[in-house]
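Fold and contact review
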Amino acid sequence: MQYVGRYVKVLTLFVVMGLLGSALAQTVEVVFPGTSEAERAWAERALQAVQETYPEINVRMSYIGWGDLTERLVPRITAGNPPDLVMQQDFANFHAMGALEPLTSFLDEQPMNTVERDVFVESLLDFSTLDGDVYTLPVVGIGYGLIVRTDLLEEAGYTVEDLTTWESFLEVAEALTIDRSGDGRIDQYGFVYPTGHPRFAWRQAYIMGYSNNMSLLDFDQEEKYLRLLDFIKDLSAFVPAGAQAMDLAEAFNAITFGRAAMMATGSFYVANVYSLDPDIVNVSSATAFPRGPDADAGWVPVANAGWAMFSGSRNKDAAWQVMTLLSSQELGGEYSSFINVPARVDVTDDQIAAVADALYPEAPEANRRIVGEFFDAVDRYGMPMEQIPGREEMERVFTREINALIDGSKTSAQVFAALREEITAIQAAQR
Amino acid sequence: MVSSILRRVMRAKTAYFFLLPVLATLLILNVYPVATTIWLSFHELNLLRSPEPSWAGLGNFVHLLTRDGNFWLVMGNTMIWVIGSTVLQLIVAFGIAALLNRRFFGRKLARTLILIPWVTPIIVVGIAWRWILNPEWGMLNHYFLRWGLIQDPVTWLYNPNTVWPVLLLASVWKGSPFMALMLLAGLQTVPRSLYEAAIVDGANTVQLFRHITIPVMAPIIVIVTLITTMETWNNFRMIWVLTEGGPGYRTTVVSVYIYFRSFQDFQLGMGSALAVVSVLTISILGILYIRMRARMSPL
């Protein structure tokens, strides 16, 4: 019986110590949308680094894919139970909910772990800034431009340098639209514009619009907008009809397997095509999308993925310590190597190469070249993409209209009128 | 009055005690969500703007019926989807049931095999159909091109002229086996003596079908039609896997639109109003079916 009494005492002591310990330890919940093997491995190393640096902080990592992030987090935010940190690209919806903690005062008053304003690429930090406040610490820069299959381009007698304007781009796209097998059917197209998925129908057009120094929300610039729609219509002659059923992954397939020679995409290109065929990286080149007729130098859309803190975080100081460590030169630099363009200016080429060469062993040189090409385009023409609340709804409207334009059931003027009416109404509803 | 109810409850308290778990489950999982949805439909609640619902009266319904640019398109799509699926499934299923009702070698095996599309998970069916219909490397285009039936690859799921026929084809392929099974059970209840008497009176095959099979089967036809209508009305997954309601809203049916409004745009008030309209519409259809059934009398 006395053993039972002792056992109860020891157990009670453990429970009390456990409760005391958990009360003293600060828990920080981090939602990480990186779901690839390499990203998870990075997350494990990052967790270990946090535990070594801040043993008093207990970090809990949750993995949620990019596609489910908003859907899963909005109910938690509404219920007053948000996580502490999340990696974000377009944070407009969370900002509109008032769910994000402005990081400006943290950044200015408590710089730590080598995180301070000056270490970030300016245009990338601009993307993280809304109404004068910084809301995310950029980790990875995403530049959007044009990817070209140089082997197909050269075969047609052109070089990347020939792609300067929309006009020259259409000429090249036409030259690259070829019946290779001679059976009377086109089997290689100049360009692939995947309009099967709202997100990509919108984003590719956004890239093209930026190249003429306009946004897809610039309805007050009717002439410019109509020129963009006419350009997309003209371009559709050199796009496989099947692109109306494609999402981005299928567009990458089309490029890799020679179904199309060019596509508008982001600096995550290598990460997506390498597993399909590593050799494709060697015959791919990145450049800014050719400028439109109204632009002297077209803009290159720039976004980033970075760490945001929720205003409902219960341990803001601990969360700040964790997010700065995750964005540090060492950990942030390593993470940016997966996608290529680092958000920090102090991440060295060697640092990227050490990780990227291991990730892309069959095309290390070509990968580095493409990183450089995207970085150059961002550096010269980078313009932050807009943070657009309600973008998902706009994307669906845009996809419907752009497909109507491509299949000829509507004219550019009709599409413009419909977009102006419906997207303006969505914007009004979000205010 | 109250005391008599209490007396009755006390008399059967053991029975009520055992009913409690079921009642609690129904209240939590059915009554509460339905009541909340109805309540929300009269409120404006956009989670991206404010977590607090505000009274909107009939505002959401008025907006849907008069100002929402997609609502009538979506309702039209839903009608095409539901009526097309149900009618085509009924026709195909009747043919299958009639075939399986005859004696032939391997009938038992055929009755089992016919159920394969029905028991295959809908996500698998959807992905398989997406592959078949893929404009770039799909089997359908491959063979149609080879046989010279088409000159260029067709974007089956994105061409306005082909998208509904192929969606209905996939729906019929998936849904008709279940309907065929139900109709087969019905066919087996038709007394042979009726057919024999009619044949003696000189009735031909069409007359047998028109004046014996259909009237006797009428209750079952109404029931399976009702079940299929409701199931198709709420069938979110098939459309979602094949087209995600797109491009744009071209194949968006009401269940997909509820998802868009509620869980992509986070307009829960509007999404709830849509759900209420959806339930009311399907209820009206159900009542019409049941009334129709009441008017029918076998033979």
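Residues numbered from 1 in each chain as written. Chains lettered and ligands numbered in written order. Predicted model: local features only at pLDDT ≥ 70, side-chain atom pairs only at ≥ 80, totals over all residues. Heavy atoms only, no water.

All right, on to the packing of helix α4 (residues 71–101) of chain B against helix α9 (residues 163–187) of chain B then. Residue and element names in this part refer to chain B. Two numbers describe how α4 lies on α9: the axes approach to 6 Å, and their chain directions differ by 45°. It follows that α4 is oblique to α9 by the angle criterion. With respect to the hand of their crossing, α4 and α9 are arranged in right-handed fashion. When grouped by side-chain class, the residues that make up the contact of α4 with α9 number 20 nonpolar, 9 polar and no charged. (Axes fitted to C-alpha atoms, helices over the stretch in contact; angles between N-to-C directions. Helix = DSSP H or I, 4+ residues; strand = E, 2+ residues; numbered from the N terminus. Parallel < 35°, antiparallel > 145°, perpendicular 65-115°, else oblique. Left-handed = near helix turned anticlockwise from the far one by under 90°. Nonpolar A, V, L, I, M, F, W, Y, C, P; charged D, E, K, R; others polar.)

Next up on the list: the side chain of T195 of chain A. Looking at the element boundaries, T195 of chain A is found in the loop between α8 (166–175) and α9 (198–210). With near-sequence residues (within four places) excluded, T195 of chain A lies in contact with A201, A243, Q244, M246, T399, I402, N403 and I406 of chain A. (Contact = heavy atoms within 4.5 Å.)

Residues and elements named next belong to chain B. Looking at chain B as a whole, the pLDDT averages 90, with 98% of positions reaching at least 70. When the elements of chain B are averaged for pLDDT, helix α1 (residues 2–11) gives the smallest value, 81, and α4 the largest, 95. Scoring of the predicted complex yields 0.82 for pTM and 0.77 for ipTM. (pLDDT = per-residue confidence, 0-100.)

Here we come to the packing of aromatic side chains. With the rule as written, the count across this model stands at 43 aromatic pairs over all chains. Ring plane angle 70° and centroid distance 6.1 Å describe the contact between W129 of chain B and W173 of chain B, whose orientation is recorded as edge-to-face. In this pair, W129 of chain B sits in helix α7 (residues 122–133) while W173 of chain B sits in helix α9, placing the two residues 44 residues apart along the sequence. Residue W129 of chain B is classed as buried on the basis of its relative accessible area, which comes to 11%. Taking relative accessible area as the criterion, W173 of chain B reaches 38% and is therefore assigned partly exposed. Seen in terms of ring centroids, W240 of chain B and Y259 of chain B are 5.1 Å apart; in terms of plane orientation they differ by 70°. Their pairing is edge-to-face. Taken as a pair, W240 of chain B in helix α12 (residues 236–242) and Y259 of chain B in helix α13 (residues 254–264) lie far apart in primary sequence, 19 residues in all. Members of the aromatic cluster, connected to one another through ring pairs, are F236, W240, Y249, Y257, Y259, F260 and F263 of chain B. Looking at R40 of chain A, its charged tip hangs above the ring of Y63 of chain A, at a distance of 4.0 Å from the centre. In this arrangement the basic side chain of R396 of chain A is found over the ring face of F260 of chain B, its NZ or CZ atom lying 4.0 Å from the centre. (Phe/Tyr/Trp six-rings, centres within 6.5 Å; stacked < 30°, edge-to-face > 60°. Buried < 20%, exposed > 50% of the residue type's maximum accessible area, 1.4 Å probe, protein only. Lys NZ or Arg CZ within 6 Å of the ring centre and 35° of its normal.)

Right, let's talk about the nonpolar core for a bit. Judged by nonpolar contacts, the single largest core of 167 residues is most densely connected at W42, F191, Y193, M262 and F289 of chain A. With near-sequence residues (within four places) excluded, F191 of chain A lies in contact with L146, F169, M208, L235, F238, V239, P240, A260, M262, M263, A264 and F289 of chain A. With 22 residues, the next largest nonpolar core counts V74, L100 and L130 of chain A together with L47 of chain B among its residues. (Core = buried A, V, L, I, M, F, W, Y, C linked by side-chain atoms within 4.5 Å.)

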